[in-house]
Amino acid sequence: MSATPSPRSASGADGHTDARPDARPDAGPEARSEARSEARSEARSEARSDVWTWIDATPGLEALVERLRQAPRFALDTESNSMHAHRERICLVQVSLPDGDALIDPLAVDLRPLAPVLADPSIEKVMHGADYDILCFKREYGFSLAGLYDTMLAARVLGWRSHGLGPILHERYGVVANKRMQRFDWGRRPLPEGALDYARQDTRYLLELREQQLAELRGVDREDELLHACVRQERVEPRPSRADALGMWRIKGARGLPAGARGVLRGLYELREAVAEQLDRPVFQVMSDALMLSIARQPPKDERALAELRGLHPTLRGRGGARVLRAIEAAREAEPPRPPAVDRGPGREVVARFDALRAWRKATAAERGLEPDLVLGKDTLMALAVAAPRTMEELRASGALDEWEERRYGDGVLGVLRGGG
């Protein structure tokens, strides 16, 4: 399949042969910064190419991977279908090199050949707001990513007024994004021309943007902070959301229902999950939380009463309404569920330490002209508040800070936790 007006075979494209920066896989931000600087003069804002390739077969992907292996860096992005599927998945991967773009179709081709390149820290991946993309790669494929340069983090470290890619592209390159594409179903095939243009736009300017940002970062001596923020971003890991863990109890009002109504709500919740998975649709398109609560409080007596309810998916109307009625009847006969214990959170002493650390973080960030979470993240502050180290040995043993953070912030953290911060 070729969806490009100026087709170019990935297997026939000339490889980009700039030398890679020589950085060890375990190198810290300083080493990575030094290694990358050697390659900067080789990648000065080359003209953006209008050539692009659609890749939906293994030979094309393998040819692209070979080109990426020879490049010092490439721009990367993904598009998922979270608003249009029961279990979201990556539906498109965009890659840009100075001599052209590639759009990879994960619905048609196995992405595993891409894994070694993503994990290679000596090949820089230029992304914008990479945390969600990294989580998707890890959750769906088990891929790790190293060598990140995040242009959104760079914009924040530099104190730019705009952090989103759309405003940045408009301000710097005059690009106007199609906002309607923000809710687009990337699982559709074939993708319309507008979607293809929008997808390419997300990566084709990132290499040039990186060069402009690096010049500014060096001018204000903040490159080291950016590189560490990128290293921290690489470490994000998928974890079950609190909403998933709580199940039906996450629904506002569920705990206050009478016992019988709680049983009906559980039956409706389980039915909704089953139908959403069967149809591959988000649960809210099957039955909203508010509708389930309404039915649990006042269950319909028959299909006619059920048909009068607004917000049910067509699958659960007409003859399908019998599934809802059966779920209600079965729930009435079963033992009603009891609400789980409420998580009371950390104790007062931990909260007090957390608040003190947060105040210190705010002051430290202000001194550097940074946003507070670029100093240390909220989870890190809580880990420190729980561990409560009072010596450097205890701080290292806690594992809350990495080596760079320990050098930069260790003394300040210990000062707070000892009561003198």
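In every chain, residue numbers begin from 1 and rise along the written sequence. Local features are withheld for residues below a pLDDT of 70 in this predicted model, meaning they are given only at 70 or higher, and side-chain atom pairs are given and counted only at 80 or more; totals for whole chains, interfaces and linings count all residues. Excluded from the side-chain calculations are hydrogens and water; all other atoms, namely the structure's heavy atoms, are used.

Draft legend 1. How the structure looks around the overall build of the chain. Of the regular secondary structure elements, the chain holds 19 helices and six strands. Each residue gets one of three labels from its accessible area relative to the maximum for its type: buried under 20%, exposed over 50%, partly exposed in between, using a 1.4 Å probe on protein chains only. Here the chain holds 421 residues, and the buried ones make up 49% of them. Taking contacts inside the chain between residues at least 6 apart in sequence as the whole, the part at least 24 apart equals 69%. Strands here are runs of E lasting at least two residues and helices are runs of H or I lasting at least four, both read from the DSSP assignment and numbered beginning at the N terminus. Note on contacts: a residue pair qualifies if any of its non-hydrogen atoms lie within 4.5 Å across the two residues.

Draft legend 2. Representation of the nonpolar core. In this structure, F74, L76, V93, I104, L376 and V413 are the most contacted members of the largest nonpolar core, which totals 73 residues. Ranked by residue count, the leading element in this core is helix 19 (residues 403-417), at six residues. The contact partners of I104, leaving out residues within four places of it in the chain, are I55, L61, L64, C91, L92, V93, V95, V109, L111 and L114. Joining through side-chain atoms within 4.5 Å is the link that ties buried Ala, Val, Leu, Ile, Met, Phe, Trp, Tyr and Cys residues into a set, and such a set is a nonpolar core. In terms of nonpolar packing, the next biggest core, distinct from the first, is built from 27 residues, M248, I251, A254 and M287 among them.

Draft legend 3. Molecular detail of the pairing of strand 2 (residues 73-80). Judged by how many residues are buried, strand 2 sits mostly within the fold: eight of eight residues are covered. Both faces of strand 2 are covered, namely the face carrying R73, A75, D77 and E79 and the face carrying F74, L76, T78 and S80. A pair of strands is labelled paired if DSSP reports no fewer than 2 bridges between them. Summarising the sheet, strand 2 and strand 5 (residues 124-127) pair through three bridges and their orientation is parallel. Bridging from a neighbouring strand, F74 pairs with K125 of strand 5.

Draft legend 4. Quick look at the sheet that holds strand 3 (residues 90-97). What the six strands build is an open sheet, ordered 1-4-3-2-5-6; its pairing is mixed. Strand pairing shows two members of the sheet lacking a second neighbour, strand 1 (52-55) and strand 6 (148-150), which therefore form its edges. In this sheet, neighbouring strand axes are inclined to one another by 25 degrees on average, regardless of whether the strands run parallel or antiparallel. Looking at chain direction, strand 3 and strand 4 (residues 100-104) are connected through five bridges and run antiparallel. Bridging from a neighbouring strand, L97 pairs with G100 of strand 4. Convention adopted: a line fitted to C-alpha atoms gives each axis, helices being fitted over their contacting stretch, and angles between N-to-C directions are expressed from 0 to 180 degrees.

Draft legend 5. Region of interest: the packing of aromatic side chains. Only rings of Phe, Tyr and Trp enter the pairing, Trp through its six-membered ring, and a pair is recorded when the two centres are within 6.5 Å. The plane angle decides the type: under 30 degrees is stacked, over 60 is edge-to-face, the rest tilted. Summed over the entire model, instances satisfying the criterion amount to seven aromatic pairs. Pairing W360 with Y409 gives two aromatic rings, centres 5.9 Å apart and planes at 85 degrees, and the pair type is edge-to-face. Residue W360 is located in helix 16 (residues 348-368), and its partner Y409 is located in helix 19; the two are separated by 49 residues in the primary sequence. For the pair shown, W360 and Y409 are each scored as buried. Taken together, F137, Y141 and F143 form an aromatic cluster joined through their ring pairs. Whether a charge sits over a ring depends on NZ of Lys or CZ of Arg being within 6 Å of the ring centre and within 35 degrees of the ring normal. Above the ring of Y149, the side-chain terminus of R210 is found at 5.8 Å from the ring centroid.

Draft legend 6. Fine view of helix 7 (residues 193-204). Under the convention used throughout, the expected extent of a helix is 1.5 Å for every residue step, that is, one less than its residue count. In a regular helix each residue adds 1.5 Å, so 12 residues correspond to 16 Å; helix 7 covers 16 Å between its end C-alpha atoms and thus fits that length. The element helix 7 is extensively covered by neighbouring structure, given that nine of its 12 residues are classed as buried. Along helix 7, the positions that sit buried rather than exposed are A195, L196, Y198, A199, R200, Q201, D202, T203 and R204. Contacts made by the buried residues of helix 7 are with strand 1, strand 2, strand 3, strand 4, helix 6 (165-173) and helix 8 (206-220).

Draft legend 7. Structural view of the packing of helix 16 against helix 17 (residues 378-387). At a minimum axis separation of 8 Å, helix 16 and helix 17 run at an interaxial angle of 135 degrees. Comparing their axes, helix 17 and helix 16 come out oblique. Two packed elements cross with a definite hand, and for helix 16 against helix 17 that hand is right-handed. Each of V350, R353, F354, L357, R358 and R361 in helix 16 lies in contact with helix 17, whose residues at this interface are K378, L381, M382, L384, A385 and V386. In the scheme used here, Gly and all other residues not listed as nonpolar or charged are polar, with Ala, Val, Leu, Ile, Met, Phe, Trp, Tyr, Cys and Pro taken as nonpolar and Asp, Glu, Lys and Arg as charged. Of the residues that constitute the contact of helix 16 with helix 17, the class distribution is eight nonpolar, no polar and four charged. These descriptions rest on fixed angle ranges, namely under 35 degrees for roughly parallel, over 145 for roughly antiparallel, 65 to 115 for roughly perpendicular, and the rest for oblique. Left-handed describes a crossing whose near helix is turned anticlockwise from the far helix by less than a right angle; the clockwise case is right-handed.

Draft legend 8. Summary view of the confidence of the model for the chain. Along the chain, pLDDT gives the predictor's confidence residue by residue, from 0 to 100. Of the residues in the chain, 87% have a pLDDT of 70 or more, and the chain-wide mean is 88. Below a pLDDT of 50 lies the segment residues 1-27, which in the model reaches 62 contacts outside its immediate sequence neighbourhood of four places, other chains included. The low-confidence segment residues 33-47 (pLDDT under 50) makes 33 contacts with residues lying over four places distant or belonging to another chain.

Draft legend 9. Representation of the state of the cysteines within the structure. Only a pair of cysteine sulfur atoms within 2.5 Å counts as a disulfide in this structure description. All told, the structure shown has zero disulfides when counted by the stated rule. For C136, which is in no disulfide, the shortest distance to another cysteine sulfur is to C91 and amounts to 9.8 Å. The buried category is assigned to C136, whose relative accessible area is 3%.

Draft legend 10. Region of the structure containing helix 19. Roughly 65 degrees is the biggest bend found in helix 19, and it falls at Y409. Residues W404, E405, E406, Y409, G410, V413, L414, G415, V416 and L417 constitute the buried set of helix 19. Between N or O atoms, a polar contact is any pair within 3.5 Å; within protein, one atom must be a potential hydrogen donor and the other a potential acceptor, and residues adjacent in sequence are included only when both atoms are from side chains. Its side-chain oxygen placed 3.2 Å from the backbone nitrogen of W404, D402 serves as the N-cap of helix 19. Directly beyond the C-terminal end of helix 19, a positive phi value near 95 degrees is found at G419. Each residue is assigned a bend, namely the angle between axes fitted to the seven residues that terminate at it and the seven residues that start at it.

Draft legend 11. How the structure looks around the pattern of salt bridges. Any Lys or Arg side-chain nitrogen found within 4 Å of a carboxyl oxygen on Asp or Glu counts as a salt bridge. All told, the structure shown has 28 salt bridges when counted by the stated rule. Among the salt bridges present, the one from D50 reaches R204, with a minimum N-O distance of 2.7 Å. One end of the pair, D50, is in the loop between helix 1 (29-40) and strand 1; the other, R204, is in helix 7, with 154 residues separating them in the sequence. The partner of E225 in a salt bridge is R368, with the nearest N and O atoms 2.6 Å apart.

Draft legend 12. Fine view of unusual backbone geometry. Looking along the chain, the bond that leaves R189 and enters P190 is cis, with omega of -5 degrees. Among the structural elements, P190 can be located in the loop between helix 6 and helix 7. A positive phi angle, near 55 degrees, is found at D221, a position not held by glycine. Residue position: D221 is located in the loop between helix 8 and helix 9 (223-234). We classify D221 as exposed; its relative accessible area is 60%. Of note, D280 is a non-glycine position whose phi angle comes to about 55 degrees, a positive value. Structurally, D280 is set in the loop between helix 11 (259-279) and helix 12 (283-286).

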